[in-house]
Amino acid sequence: MANANLCFRCSSMTAEAFSGAPRGSIRCSGLGPKRVPMPPLNPKDPFLSRLASLAASAPSDALSRPSASDTPPYLDLFENPILMATPGQAERTVSYNEHRPRRPPPDLPSLLLHGRIVYIGMPLVPAVTELVIAELMYLQWMDPKDTIYLYINSTGTTRDDGETVGMESEGFAIYDALMQLKNEIQTVAVGAAIGHACLLLASGKKGRRYMMPHAKAMIQQPRVPSSGQMPASDVLIRAKEVINNRDTLVKLLARHTGNSVEKVSQVMRRPFYMDSTKAKEFGVIDKILWRGQEKVMTEVASPEEWDKKAGIKVVDGM
């Protein structure tokens, strides 16, 4: 629009802005009742070029509707098949896209990886196992010396009622991956750690295994999956495999909790539930993550001190 000339008498842009005509070729009448419109001129657009040419040659005719006619102005331009076959060229403005992100936002597990956090929040099915092991390998590749934090809220390969939802190999796969890592693994139980998830919780670095105050842990024997119309021989084979998985689970829990194999096998005969305090006593965790708990517990007086302050005298033999 650098070639546009402003008429000070009618306050309108002259037609030189459209056609690039030489200065003085279009004269203003001085009356100034109308203004010549300023369509966005694109030299590659034949429609707008024709429109600019028409406005430059006869601006008054371009603005005025034909007398005694219902035909709108510029209608003759649409009768040209060449112009109609050529789409208009519109320049994209930044006003519609300036706030649109340049790339898709990352998903939540990717954001947690920035804090070196791996979160298991579902039963150990193949899709979960694939993601968890991939994240562990990625974090070791990023830094083989920095700590990895494993947050657990999972029912393992079985549900709370014992129904099987995944193969026992899924839990063993994550466990083996943890044992192969060079990084220090700190585990935190959030919500529930049942079955193989309890094994993953106990397999963290000694002294760095934590549990939320109201989380729970539970260990139980694995069950034989539904056999349906399976032959008896196949049922026996599956039962033997479940027994082998149970014995392996008992040995690993005994190793990481510091209990004997006999004790772990004894408590696993039935579902063995543990709150945070009992899990600490059993050796599954090392510390309960209760903000300010240590300070509160150290300030709590013993029962004898409470009785003494209250003026209660304890009689021997009672």
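Residues numbered from 1 in each chain as written. Predicted model: local features only at pLDDT ≥ 70, side-chain atom pairs only at ≥ 80, totals over all residues. Heavy atoms only, no water.

If you look the protein chain up in an unreviewed UniProt entry, it shows as ATP-dependent Clp protease proteolytic subunit from Acorus calamus.

A. Expanded view of the overall build of the protein chain. When helices and strands are tallied, the protein chain shows 13 helices and nine strands. Here the protein chain, with 318 residues, has 33% of them falling under the buried criterion. Taking contacts inside the protein chain between residues at least 6 apart in sequence as the whole, the part at least 24 apart equals 64%. Total accessible area on the protein chain is roughly 20900 Å²; 56% of this is exposed by carbon and sulfur atoms. (Helix = DSSP H or I, 4+ residues; strand = E, 2+ residues; numbered from the N terminus. Buried < 20%, exposed > 50% of the residue type's maximum accessible area, 1.4 Å probe, protein only. Contact = heavy atoms within 4.5 Å. Areas by Shrake-Rupley, 256 points an atom, 1.4 Å probe, with all protein chains shown as cover.)

B. Up close: the pairing of strand 5 (residues 185-194). With eight of its ten residues buried, strand 5 lies for the most part within the structure. In this sheet, strand 5 lies alongside strand 4 (residues 148-154) in parallel orientation, the contact comprising six bridges. In the sheet register, Ser-154 faces strand 5, and the bridge partner there is Ala-193. Traced from strand 4 through helix 7 (residues 168-180) to strand 5, the parallel crossover comes out right-handed. Two elements, strand 5 and strand 6 (residues 209-211), share three bridges in a ladder whose sense is parallel. Bridge pairing in strand 6 places Val-188 opposite Tyr-210. Assessed by its sense of winding, the connection that carries the chain from strand 5 through helix 8 (residues 196-202) to strand 6 is right-handed. (Pairing = 2+ DSSP bridges. Right-handed = clockwise from strand over helix to strand, strands pointing away.)

C. Quick look at the pairing of strand 3 (residues 117-120). Residues Val-118 and Ile-120 line the buried face of strand 3, whereas the alternating positions Ile-117 and Tyr-119 sit on a face that is not buried. As paired strands, strand 3 and strand 4 are joined by four bridges and run parallel to one another. Bridging across to strand 4, Tyr-119 finds its partner in Tyr-151. Following the chain from strand 3 across helix 6 (residues 126-142) to the adjacent parallel strand 4, one finds a crossover that is right-handed.

D. Representation of the side chain of Glu-170 within the structure. Here Glu-170 is to be found in helix 7. There is no salt bridge for the buried Glu-170, and the closest opposite charge comes from Arg-238, which lies 13 Å off by N-O distance. Setting aside residues up to four positions removed in sequence, Glu-170 forms contacts with Leu-124, Val-125, Pro-126, Thr-129 and Thr-157. (Lys, Arg positive; Asp, Glu negative; His and termini not counted. Salt bridge = Lys/Arg side-chain N within 4 Å of Asp/Glu carboxyl O.)

E. Expanded view of helix 7. The end-to-end C-alpha separation of helix 7 is 19 Å, in line with the 18 Å expected for 13 residues at 1.5 Å each. For helix 7, the secondary structure elements touched by its buried residues are helix 6, strand 4, strand 5, helix 8 and helix 9 (232-257). (Expected span 1.5 Å × (residues − 1).)

F. Representation of the side chain of His-256. Topologically, His-256 is positioned in helix 9. Apart from the residues within four sequence positions on either side, His-256 is in contact with Tyr-175, Met-179, Leu-199, Ala-202, Ser-203, Lys-206, Arg-209 and Gly-283.

G. Structural view of the pattern of salt bridges. On inspection of all chains with the given rule, the structure shows three salt bridges. In this structure, the salt-bridge partner of Asp-146 is Arg-116, at a minimum N-O distance of 3.5 Å. With Asp-146 in the loop between helix 6 and strand 4 and Arg-116 in the loop between helix 5 (108-114) and strand 3, this pair connects stretches of sequence that are 30 residues apart. Residue classification places Arg-116 among the buried positions, given a relative accessible area of 10%. With its nearest N and O atoms 3.1 Å apart, the salt bridge here joins Asp-247 to Arg-246.

H. Structural detail: the UniProt feature "transmembrane region" (unreviewed entry) in the protein chain. Cross-referencing UniProt, the feature "transmembrane region" (unreviewed entry) maps to residues 117-141 and 185-202 in the present numbering. Structurally, residues 117-141 comprises 64% helix and 16% strand, and the distance from its first C-alpha atom to its last is 14 Å. Helix makes up 39% of residues 185-202 and strand makes up 56%, while its end C-alpha atoms are separated by 11 Å. (UniProt positions renumbered as here; feature names shortened; annotations may be inferred.)

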